[in-house]
Amino acid sequence: MQQSKKYTFLFLSLLLVFVLLLITNITLGSISIPFKEVISSLFGKTMQKESWEIILWNFRLPKAITAILVGIGLSISGLLMQTLFRNPLAGPYVLGLSSGASLSVAVIILGVGILPAAFTSIFLSNYGIVVASSLGSFIVLLAVLVVAKQLKDTMAILIVGLMFGSFTSALVSVLSYFSTAEQLQKFTFWSMGSISNLTWSEIILLAFFVFLGTLISFLVIKPLNALLLGEKYAKSIGINYKKTRFLIIIATSLLAGSITAFAGPIAFIGLAVPHITKLVFQTSNHLILVFGTIVVGAIIMLFCDTIAQVPGSDFTLPINAITSIIGAPIVIWLLVRKRKMG
């Protein structure tokens, strides 16, 4: 009972932080919008200035919702991978999905000279890059699933995923060598990640994939708890290990693959948020951890985005740089603090 009250208090506190951060995120920026005006607009009232209305509904709110979806998706997929492989350094991209997406986008941006002229403008559009990224992730996913069917050892799948990553990185390097400075710059900007260019229709599509991946994650909560004690233990209590592994890989692919397609490869979040959540809630129960990573992931991503947009200035920092600069020291501090307390 005491434990239940503790978790309820933690969740309510985190939800309060989340709401405050969301409002702060859409209030601050190059043009500061009064707090009262933001609240009134969210409840359907008209703002004093029409420009504020356009900025809020066409730019800041879509970006904030994208940040929330990215935080949720990458955090859950990171937790799934760390539990499946029983490796604290596993993240959402260990299966090579991000590498597959990067290779496809590199072919589109860096290999534009080898593509037919008629297709160039189509491929280089936002949707063209999203489709290319999705296709690259999907091809790697199929390869991983084929390998997973052949291999009984889960750690071997991890190694295969890392090998896919190395192979695609090598191909991207070859393409980069023969590319122009302009092409390299465009690919570099994509690889830095961006959550600010999505339309409402793209956000709805991303939300669908994140919801689907999250739903599958809830279906494997019991097997995930069993996997903490090892593969043999999970099988001994009647867990269908192959089915569980398949569902985990599918969920991770839906989450990490769709986010990479729409926002580019976002660093740190998927690796670190599961650790932060475990340290905050002090539990290994995945029912608590999945809900926890959803809230903590959304909070951290919103916080990073708020810093990245540099309130009061006209420029925005790369979201990838901020997630790593802010996140890495937090994780180190929490781990050192945990060891001292232990």
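Not measured: the values here are computed from a predicted model.

### Considering the pattern of salt bridges
Item 1. In total, this model carries one salt bridge according to the counting rule given.
Item 2. A salt bridge links Asp305 to Lys63; its shortest N-O distance comes to 3.0 Å. Here Asp305, found in helix 14 (residues 286-308), pairs with Lys63, found in helix 3 (residues 50-85); they are 242 residues apart in sequence, far enough to count as distant.

### Thoughts on the confidence of the model for the protein
Item 1. Per-residue pLDDT for the protein has a mean of 85; in total, 93% of the residues score no lower than 70.
Item 2. The least confident element of the protein is helix 5 (residues 117-123), whose mean pLDDT is 58; the most confident is helix 14, at 94.

### Focus on the packing of helix 4 (residues 97-109) against helix 12 (residues 241-263)
Item 1. Their axes nearest at 9 Å, the elements helix 4 and helix 12 cross at an angle of 35°. The crossing of helix 4 and helix 12 is right-handed. Mapping the contact onto sequence places Leu97, Ser98 and Ala101 in helix 4 and Thr252, Ser253, Ala256 and Thr260 in helix 12.
Item 2. Of the residues belonging to the contact of helix 4 with helix 12, the class tally is three nonpolar, four polar and no charged.

### Observations concerning a nonpolar patch on the surface
Item 1. Taken together, the side chains of Leu42, Phe43, Trp57 and Trp200 define a hydrophobic patch exposed on the protein surface, amounting to about 420 Å² of accessible area.
Item 2. Among the structural elements, Leu42 can be located in helix 2 (residues 35-42).
Item 3. The class of Leu42 is partly exposed, set by a relative accessible area of 34%.

### Topic: the packing of helix 1 (residues 2-27) against helix 2
Item 1. Viewed as axis vectors pointing N to C, helix 1 and helix 2 meet at an angle of 110°, and their least axial separation amounts to 10 Å. Accordingly, the angle class assigned to the pair helix 1 and helix 2 is roughly perpendicular. Within the contact between the two elements, helix 1 uses Ile23, Ile26 and Thr27 and helix 2 uses Phe35, Val38, Ile39 and Leu42.
Item 2. Among the residues making up the contact of helix 1 with helix 2, the classes are represented as six nonpolar, one polar and no charged.

### Describing the side chain of Thr277
Item 1. Structurally, Thr277 can be placed in helix 13 (residues 269-281).
Item 2. Within polar-contact distance, the side chain of Thr277 engages the backbone oxygen of Val273 at 2.8 Å.
Item 3. Setting aside chain neighbours within four positions, we find Thr277 in contact with Gln282, Leu289, Gly292, Thr293 and Val296.

### Focus on unusual backbone geometry
Item 1. Backbone geometry places Arg86, a non-glycine residue, at a positive phi of 50°.
Item 2. On the secondary structure map, Arg86 appears in the loop between helix 3 and helix 4.
Item 3. Judged by its relative accessible area of 55%, Arg86 is exposed.
Item 4. Phi at Gln282 takes a positive value of approximately 55°, unusual for a residue other than glycine.
Item 5. Counting through the fold element by element, Gln282 comes out in the loop between helix 13 and helix 14.
Item 6. Judged by relative accessible area, Gln282 falls into the partly exposed class, the value being 49%.

### Quick word on helix 4
Residues spaced three or four apart along an α-helix point in a common direction, a consequence of the helix completing one turn every 3.6 residues.
Item 1. Taking 1.5 Å as the rise per residue, helix 4 with 13 residues should run 18 Å; its terminal C-alpha atoms sit 18 Å apart, in good agreement.
Item 2. Listed in full, the buried residues belonging to helix 4 are Leu97, Ser98, Ser99, Gly100, Ala101, Ser102, Leu103, Ser104, Val105, Ala106, Ile108 and Ile109.

What counts, and at which threshold
- Positions within a chain are numbered from 1, following the residues in the order the chain's sequence is written.
- Only residues with pLDDT of 70 or above have their local features reported here, since the model is predicted, and side-chain atom pairs are shown and tallied only from 80 upward, although totals for entire chains, interfaces and linings are computed over all residues.
- Water and hydrogen atoms play no part in the side-chain values, which are based on all heavy atoms of the structure.
- A carboxyl oxygen of Asp or Glu within 4 Å of a side-chain nitrogen of Lys or Arg is what we treat as a salt bridge.
- Numbering of helices and strands runs from the N terminus, with a helix taken as a DSSP run of H or I at least four residues long and a strand as a DSSP run of E at least two residues long.
- pLDDT measures the predictor's confidence residue by residue and takes values from 0 up to 100.
- Angles here are taken between N-to-C directions and fall from 0 to 180 degrees, while the axes themselves are lines fitted to C-alpha atoms, restricted in helices to the stretch in contact.
- Should the near helix be turned anticlockwise from the far one by less than a right angle, the crossing is termed left-handed; should it be turned clockwise, right-handed.
- Should any heavy atoms of two residues lie within 4.5 Å, those residues are considered in contact.
- Amino acid classes used here: Ala, Val, Leu, Ile, Met, Phe, Trp, Tyr, Cys and Pro are nonpolar; Asp, Glu, Lys and Arg are charged; the rest, including Gly, are polar.
- Residues qualify for a patch when their relative accessible area is over 30% and they have no salt bridge, like charges being joined within 9 Å and the nonpolar side chains of Val, Leu, Ile, Met, Phe, Trp and Tyr within 5 Å.
- Only the protein chains shown count as cover for residues, and the accessible areas themselves come from Shrake-Rupley with a 1.4 Å probe.
- Burial classes: relative accessible area under 20% of the type maximum marks a residue as buried, over 50% as exposed, and values in between as partly exposed (1.4 Å probe, protein chains only).
- Note that the term roughly parallel is reserved for angles under 35 degrees, roughly antiparallel for angles over 145, roughly perpendicular for angles of 65 to 115, and oblique for everything else.
- Distance and chemistry together define a polar contact, namely a pair of N or O atoms within 3.5 Å, with one atom able to donate a hydrogen and the other to accept it when in protein, and with adjacent residues in sequence counting only for side-chain atoms on both sides.
- Under the convention used throughout, the expected extent of a helix is 1.5 Å for every residue step, that is, one less than its residue count.

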